[in-house]
Amino acid sequence: MAELTTEVVIAGAGPTGLMLANELALAGVDTSVLERMHERTGLSKALNLQPRTAEVLDLRGLLGRAQDRSFATVADGHFAVIPVSYAGWNTRHPYQLGIPQAEVEAALEERLAEQGVKVRRGHELTSVTQNATGVTVEAGDLLIRAKYLVGCDGGRSTVRKALKMPFEGIEGQGHGVAADVLFARTPPGAPTQWRSMADMVTSGSPGKFIGVIPLAEPNLYRITFGDRLNRPRNLRAEVTPDEVAKAVTERFGPEAKIAEIRWASRFSDDSRLAQNYRVGRIFLAGDAAHTHFPAGGQGLNMGIQDAMNLGWKLAATLHNQAPTTLLDTYEQERRPVAKQVLDNIAAQNALIPTTPNQLALRALFRDLTEIPEVQHHLSGLISGLNIKYETQDPHPAAGTRLPDIKTPKATQAPYSTKETGSY
Ligand SMILES: Cc1cc2nc3c(=O)[nH]c(=O)nc-3n(C[C@H](O)[C@H](O)[C@H](O)COP(=O)(O)OP(=O)(O)OC[C@H]3O[C@@H](n4cnc5c(N)ncnc54)[C@H](O)[C@@H]3O)c2cc1C
């Protein structure tokens, strides 16, 4: 077995692991990224970057790359499929960027390679141990010793399981299916561009929903459908073409002709949060720390922001520029953010009506969203712009995000900003 020594090992090269690796590489930290898949699947679960993620990528000169790979700029977000505007927030990026998850990963991996770090594909982390001075990880033919390990290995995280970390939350009763479907011609009444969340999702019989988002290619659509009240016995069962065809016919009628189903996958409406994000020298980030129903488009975004929070802290600690207690602030800051997201998703789920009373409640809630302050509150929740970390400092701005201030004369940026020129 080959042996390797490094400073940080990252398990998983999804968006969270890749963002974290970029942050560490930028700070000159020796990092190894392990990925069990031999190649990227191209399977694009997430389709958006929220305003706060756009800000974070802009800080690192990465937004331009994401924009180059995007297919839409969407004027609003949504809460329980009710469009909410980002307009009231002081940000340069009051929109969702429509970009497939695979393209986000490709952009991050490209930048990582430019920084001299290559993802070790086909290396599945299978075991981990730690002591006071470091961690030891086994992955295929590799034995790696490092100072820290970060589990960015997704919802079924091996790292989280190895830590025996409780992962509790709400057991849902429903499920959804996401599929990228190419039609022979544009289905009747289907939008051809994704500009707003209005009318993107409709509901049929109680608890059922179907969403339609036009993608980059003509006649290619993300079809998302499901049932909030029922789930198949086996949530990992393959999605059948008939299931997709049935949902498509319900939405567009029999004239809609499917030419190809590019991929399809099931997801549950369970919500879970790791009890801790840190155990000694091992951390959890992204879906390894929190999973939930993809309402509002928040999961990938939260993972990238977890990575941004943890990256500089690990680097500062490893460079002896900060005490190791700084690392505790990662969980203190980021876990409440995930808790808030899980809570807002539970609220969104409750607003998908399954009874006449809930239908009335949803109608009333929709009316309330016309109030600008309510819009502002809801868009703050899903965009990540309302972030407020708890601090001891009584100043109202303490712990909030630094508003987007343009200085008259830019001073030296802490990191390279050559792509956007902003920081
Ligand atoms: C249908 C659907 C739609 C979604 N839409 C959105 C959306 O619009 N917006 C949004 O923000 N979020 C969305 N999400 C959520 C988003 O996809 C996830 O939050 C995101 O993928 C999390 O990224 P991650 O890097 O933490 O984990 P993952 O993307 O799961 O990546 C984990 C990586 O780790 C690797 N791995 C796993 N185990 C090991 C191991 N033992 N060793 C080495 N490697 C390992 C995996 O192969 C994988 O590459 C959606 C999710 C679904 C299911």
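Just above, that's the structure.
For the structure given in this document, a descriptive report is provided here.

Rules of the game
Residues numbered from 1 in each chain as written. Predicted model: local features only at pLDDT ≥ 70, side-chain atom pairs only at ≥ 80, totals over all residues. Heavy atoms only, no water. Helix = DSSP H or I, 4+ residues; strand = E, 2+ residues; numbered from the N terminus. Pairing = 2+ DSSP bridges. Axes fitted to C-alpha atoms, helices over the stretch in contact; angles between N-to-C directions. Contact = heavy atoms within 4.5 Å. Buried < 20%, exposed > 50% of the residue type's maximum accessible area, 1.4 Å probe, protein only. Near = heavy atom within 4 Å. Polar contact = N/O pair within 3.5 Å; in protein donor to acceptor, adjacent residues only side chain to side chain. Areas by Shrake-Rupley, 256 points an atom, 1.4 Å probe, with all protein chains shown as cover. Nonpolar A, V, L, I, M, F, W, Y, C, P; charged D, E, K, R; others polar. 1 Å grid on protein atoms, 1.4 Å probe; cavity = no way out; pocket = protein on both sides within 12 Å on 5 of 7 lines; lining within 4 Å. Points joined across faces, edges and corners; volume = space filled by probe spheres on them.

Unusually for a residue other than glycine, Ala80 sits at a positive phi of about 55°. You will see that Val81, though not glycine, has its phi angle at about 65°, which is positive. Mapped onto the elements, Val81 comes out in the loop between strand S6 (76-79) and strand S7 (82-85).

Right, let's get into the sheet that holds strand S15 (residues 175-183). Taken in spatial order, the 5 strands line up as S16-S17-S18-S15-S19 in an open sheet, and their pairing is antiparallel. Edge positions in the sheet fall to strand S16 (201-203) and strand S19 (258-268), since each of these pairs with one other strand and no more. Taken over all neighbouring pairs, the strand axes of this sheet differ in orientation by 20° on average, direction set aside. Packing of helix H6 (residues 241-252) onto the sheet brings it into contact with S15, S16, strand S17 (208-214), strand S18 (220-227) and S19, and relative to S19 it is tilted by some 100°.

On to the pairing of strand S3 (residues 31-35), then. Counting buried residues along S3, 5 of its 5 residues qualify, which places the element largely inside the surrounding structure. Taken together, the 4 bridges between strand S2 (residues 8-11) and S3 define a ladder with parallel strand orientation. The partner of Ala11 across the bridge, within S3, is Leu34. In the sheet, S3 pairs with strand S9 (residues 120-121) via 2 bridges, with the strands oriented parallel. The residue bridging Glu35 from the neighbouring strand is Arg121, located in S9.

In this section: the site of the ligand. Near the ligand you find 31 residues, and of these Thr16, Glu35, Asn48, Gln101 and Asp287 are the closest. Separating a nitrogen atom of the ligand from a backbone N or O atom of Arg36 is a distance of 3.2 Å. Between the ligand and the protein, one listed contact pairs an oxygen atom with a side-chain N or O atom of Gln101 at 2.8 Å. Notes on the ligand: free accessible area 990 Å², of which the protein chains cover 88%. When residues of the shell around the ligand are traced back to their parent elements, those giving at least two are helix H1 (15-26), S3 and helix H7 (299-318). The leading source of residues in the shell around the ligand is H7, at 3 residues. Its residues assigned to classes, the shell around the ligand shows 12 nonpolar, 13 polar and 6 charged.

Glancing now at empty space enclosed by the protein. One water molecule sets the probe size; rolling that probe over the atoms shows where empty space is left. All told, the structure shown has 2 cavities of 30 Å³ or more when counted by the stated rule. The space that makes up the largest cavity amounts to roughly 50 Å³. Contributing to the lining of the largest cavity are Leu57, Leu62, Ala66, Glu103, Val104, Ala107 and Leu108. Ranked by the residues each element gives to the lining of the largest cavity, the list is headed by helix H4 (residues 101-114), at 4 residues. For the lining of the largest cavity, a count of residues per class yields 6 nonpolar, no polar and 1 charged. Its boundaries defined by the atoms lining it, the second largest cavity holds a volume of some 30 Å³. If you go around the second largest cavity, the residues you meet are Met19, Asn22, Glu23, Leu26, Arg60, Leu62, Arg111 and Gln115. Top element by residues in the lining of the second largest cavity is H1. It accounts for 4 residues. Along the lines of polarity and charge, the residues of the lining of the second largest cavity split into 3 nonpolar, 2 polar and 3 charged.

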